[in-house]
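Survey of secondary and tertiary structure
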Amino acid sequence: MFVIGTAGHVDHGKSTLVRALTGIDPDRLQEEKDRGMTIDLGFAWLDLGPGEDGAGALGEVSIVDVPGHERFIKNMLAGAGGIDLALLVVAADEGVMPQTREHLAILDLLGVRQGVVALTKSDLVEKDWLELVAVEVEETLEGTTLEGSPVVPCSGATGEGLPALVDAVRAALARTPPKRDMGRPRLPIDRAFTVAGFGTVVTGTLIDGSLQVGDEVEVVPAFEGGHLTALRSRVRGLQSHRHAVKQARPGTRTAINLAGIDVEDLSRGQVVARPGWLRPTFAVDVRLRALRSLPRPLRHNLNVSFHSGAAEAPAKLRLLESDQLAPGAEGWAQVRLARPMALVSGDRFVVRDANDTLGGGVIVATQAKRHPRRRQQVFDQLERLSRGSPEDALLAALARGQPAEPEALIAASEAGPEQARASLAGLIAAGRVVELRAEGATFVCTAEYLDSLRDRVTAEAEAYQREHPLRSGIPREELRSRLELPARVFAALVAALVESGALAEKGAALSTPGWTPRLTAAEQARADAYLRALRATPYSPPVAEEVPDELVAYLAAQGLVVDVGAGIVFDAAAYAEMVDRIVAKMREDGTITLAAVRDLFGTSRRYAQALLEHLDQRRITVRRGDERVLGRAAEALRS
């Protein structure tokens, strides 16, 4: 499952657009409804389903609607963490505004790489003006992670352009890799409340792992008697989009019913995790980038507000390389937090002052000790830490693309061949990476990638079977094209899915297990009549018969007819007889012409030509000028 986050200037129509897309009002607070302005986070969901061609089934995706007003930027930041796609909303009648730029800068700092721009209120402006605003938006996106994102004019009020917007979102998410399951689930809390009859409920986006009903968890950080602690609990229930689920997977907007915890002990920014591994920290080492638009450099020991995930805390920024960091520059820094936060290496962050976003980057290490400044040894250590463990590096490399050949993956690893090979073996043994084998080739991919591909392949096969109920399954090459996989990778994937029972192989087609095309009584009667007509004139079968292509394909799959193209279909027995006679004639004479085939069967040029061209494709015959000779495939026909 994916999470979409809105972004954009106040009153540019973010919540109106969400309502129009989903039918859900994301403004849950009465004050928001009274003021007509989003103040806190709102939530909705959208069922993207399959694409128009039955491909790319994504199902339900979550939407986090954020406030656009500058006074509520910290609430926007709480919602921006963990999103897969940014829906940047720009009103056509106003164009790019200050919070448009600030929200875009935040998305860039958080590394959000998939985006779609909704050019809302397009019904209020002329076409020429709309085109100018679209150009302005594209120029604003230049140099950010969202550069090149599609810009879609639309209107939440009239519904104009919404189908195109949904298509753009679907296409962007189809390119987005699924969230990794690293076996260490954590859910940054963005809401905590009580539900009558159930007790305490928290919501957030689950990352880094899966949770199941009954799991033991803890909430960090927490205080008891003035001392830092963790609140132990158990997952009493799970919901996603108001539906109870047994398991929540990474990337899912999740509500957790926690047993034995009072809502008064919870707040936004705490994290629900499995017990024992996630420790709160008061200091983190970071790779910091200052915004290019800053009017002055960032200075050492600057007091800032530090934001990561749904959490924020006052902090002091210690620059490790110099006393200043120029606008647009990057450097190593340490952030000393005024209160503890539950953070993990690799998390993204943003720093702000009272009014503006200053910069952000990536957390390199938690539980950071105080470093001496201007020490190359410190910089080298931080550089090594920024690369992560060999296992993390391998998983990250696999998560960025398609299955890879093991040796190519090992060769590209910065950990060295021996360490990388050992790490890969460990990941395979732990089930976090799986091997795919076919045709003498071996590929590796993450278990999550294989799970997601299995789900997508099943969806593609089921969609094809619904569209073509008389066919034995989706053609292998069509499925490969839809998945956009290289031939060898696809072959290895199919072999794994067939072996696991997720797919059934039927010649050149693939189907879901147990799929069998069946004719209705009316279709069977029509098929019988069609076969009688073909057999009545076997060498010149009727071509004007109005028989659906699906029925012809079904009969061909059953071996009852042969479709030679050009609208000509032969009874299978007649086709086999004609092939045998043509091959025998060519073995006797050495060659054969179209006219000779026509005369051999007392048929017309049209039938003879279609038959011979079909035999050319099968390599039974080879055309040389006006004559044909036997091809290599003819040898297989010798009795």
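Residues numbered from 1 in each chain as written. Predicted model: local features only at pLDDT ≥ 70, side-chain atom pairs only at ≥ 80, totals over all residues. Heavy atoms only, no water.

Re the overall build of the protein chain
Helix and strand content of the protein chain: 18 helices and 34 strands. Based on the C-alpha atoms only, the size of the protein chain along its principal axes is roughly 100 × 65 × 50 Å. The long-range fraction of contacts in the protein chain, counting pairs at least 24 apart against all pairs at least 6 apart in sequence, stands at 67%. For the protein chain, the accessible surface area stands at approximately 29,500 Å², while carbon and sulfur atoms represent 48% of it. A distance of 5 Å separates the average location of the 76 positive side-chain charges in the protein chain from that of its 86 negative side-chain charges. (Helix = DSSP H or I, 4+ residues; strand = E, 2+ residues; numbered from the N terminus. Contact = heavy atoms within 4.5 Å. Areas by Shrake-Rupley, 256 points an atom, 1.4 Å probe, with all protein chains shown as cover. Lys, Arg positive; Asp, Glu negative; His and termini not counted. Charge placed at Lys NZ, Arg CZ, Asp CG, Glu CD.)

Let's talk about the sheet that holds strand β33 (residues 621-624)
Strand order in this open sheet of 3 strands is β32-β34-β33, and the pairing throughout is antiparallel. Each edge of the open sheet carries a strand with a single partner, namely β32 (592-593) and β33. Sheet topology places β33 next to strand β34 (residues 627-630); 4 bridges connect them, and they run antiparallel. Paired with Thr 621 across the two strands is Leu 630, which belongs to β34. Contacting β32, β33 and β34, helix α18 (residues 605-617) crosses the sheet at an angle of about 110° to β33. (Pairing = 2+ DSSP bridges. Axes fitted to C-alpha atoms, helices over the stretch in contact; angles between N-to-C directions.)

Quick word on the pairing of strand β12 (residues 227-240)
Residues in a regular strand point their side chains to alternate faces of the sheet. As judged from the 7 bridges shared by strand β11 (residues 216-224) and β12, these two strands associate in the antiparallel manner. Within β12, the residue paired with Ala 222 across the bridge is Thr 229. Hairpin connection of β11 to β12: 2 residues between the antiparallel strands, including Gly 225 at a positive phi of 60°. Where β12 and strand β15 (residues 253-259) come together, 5 bridges link them in antiparallel fashion. Note that in β15 the partner of Gly 237 across the bridge is Asn 257. Of the strand pairs in this sheet, β12 and strand β13 (residues 243-245) are connected by 3 bridges, and their pairing is antiparallel. When the sheet's bridge partners are listed, Leu 238 is paired in β13 with Val 245. Here β12 folds back onto β13, and the loop between the two strands holds 2 residues, one of which, His 241, carries a positive phi near 55°.

Digging into the packing of aromatic side chains
In the structure shown here, the tally under the stated rule is 3 aromatic pairs. Ring centres 5.2 Å apart and planes at 45° place the aromatic pair Tyr 539 and Phe 601 in the tilted group. Linking Tyr 539 in the loop between α14 (521-536) and α15 (549-557) with Phe 601 in helix α17 (residues 594-601), this pair joins segments that are 62 residues apart in sequence. For Phe 601, a relative accessible area of 6% translates into the label buried. Here the basic side chain of Arg 287 rests over the ring of Trp 332, its NZ or CZ set 4.6 Å away from the ring centre. (Phe/Tyr/Trp six-rings, centres within 6.5 Å; stacked < 30°, edge-to-face > 60°. Buried < 20%, exposed > 50% of the residue type's maximum accessible area, 1.4 Å probe, protein only. Lys NZ or Arg CZ within 6 Å of the ring centre and 35° of its normal.)

Looking at a negative patch on the surface
On the surface, a cluster of negative charge is made up of Glu 138, Glu 139, Glu 142 and Glu 147. Here Glu 147 is to be found in the loop between α5 (127-141) and β6 (151-153). (Patch = residues over 30% accessible without salt bridge, like charges linked within 9 Å, V, L, I, M, F, W, Y side chains within 5 Å. Salt bridge = Lys/Arg side-chain N within 4 Å of Asp/Glu carboxyl O.)

Details of the confidence of the model for the protein chain
Predicted coordinates in regions of low pLDDT should not be interpreted in detail. Confidence in the prediction for the protein chain averages 86 pLDDT; 91% of positions are at 70 or higher. Within the model, the stretch residues 29-39 combines pLDDT values under 50 with 24 contacts to residues more than four positions away or in other chains. Low pLDDT, under 50, characterises residues 68-72; the predicted model gives this stretch 16 contacts beyond four residues in sequence or across chains. (pLDDT = per-residue confidence, 0-100.)

A closer look at α14
The terminal C-alpha atoms of α14, which comprises 16 residues, lie 23 Å apart, in line with the 22 Å expected from a rise of 1.5 Å per residue. Turning to α14, its buried residues are Ala 527, Tyr 530, Leu 531 and Leu 534. End-on, the buried residues of α14 take up no more than an arc of 100°, which puts them together on one face. Within α14, the exposed residues directed more than 90 degrees away from the buried face are Ala 521, Ala 522, Arg 532 and Ala 536. Close packing links the buried residues of α14 with α15, β30 (561-565) and β31 (568-571). (Expected span 1.5 Å × (residues − 1). Arc of directions from axis to C-beta.)

Observations regarding the side chain of His 371
Relative to the assigned elements, His 371 resides in the loop between β24 (357-365) and α7 (376-386). According to the relative accessible area criterion, His 371 is buried, its value standing at 12%. There is a polar contact of 2.8 Å between the side chain of His 371 and the side chain of Asp 285. Beyond its immediate stretch of four places on either side in the chain, His 371 contacts Asp 285, Arg 318, Leu 320, Gln 334, Val 378 and Leu 382. (Polar contact = N/O pair within 3.5 Å; in protein donor to acceptor, adjacent residues only side chain to side chain.)

Describing the packing of helix α16 (residues 572-589) against α17
Orientation of α16 relative to α17, taken along the N-to-C sense of each, is 125°, at an axis distance of 11 Å. In terms of orientation, α16 lies oblique with respect to α17. You can see that α16 and α17 cross each other, and the crossing is right-handed. Between α16, through Met 578, Arg 581 and Ile 582, and α17, the contact on the second element is made entirely by Val 597, Leu 600 and Phe 601. Here the residues of the contact of α16 with α17 sort into 5 nonpolar, no polar and 1 charged. (Parallel < 35°, antiparallel > 145°, perpendicular 65-115°, else oblique. Left-handed = near helix turned anticlockwise from the far one by under 90°. Nonpolar A, V, L, I, M, F, W, Y, C, P; charged D, E, K, R; others polar.)

As for the sheet that holds strand β20 (residues 311-319)
Pairing in this closed barrel of 6 strands is antiparallel, and the strands run β17-β22-β20-β19-β23-β24 around the ring. Neighbouring strand axes in the sheet, compared pairwise and without regard to direction, differ in orientation by 40° on average. Looking at chain direction, β20 and strand β22 (residues 330-341) are connected through 5 bridges and run antiparallel. Note on β22: the bridge partner recorded for Leu 317 is Val 335. Across the sheet, helix α4 (residues 98-109) touches β17 (281-290), β23 (348-352) and β24, and the angle it forms with β24 is around 15°.

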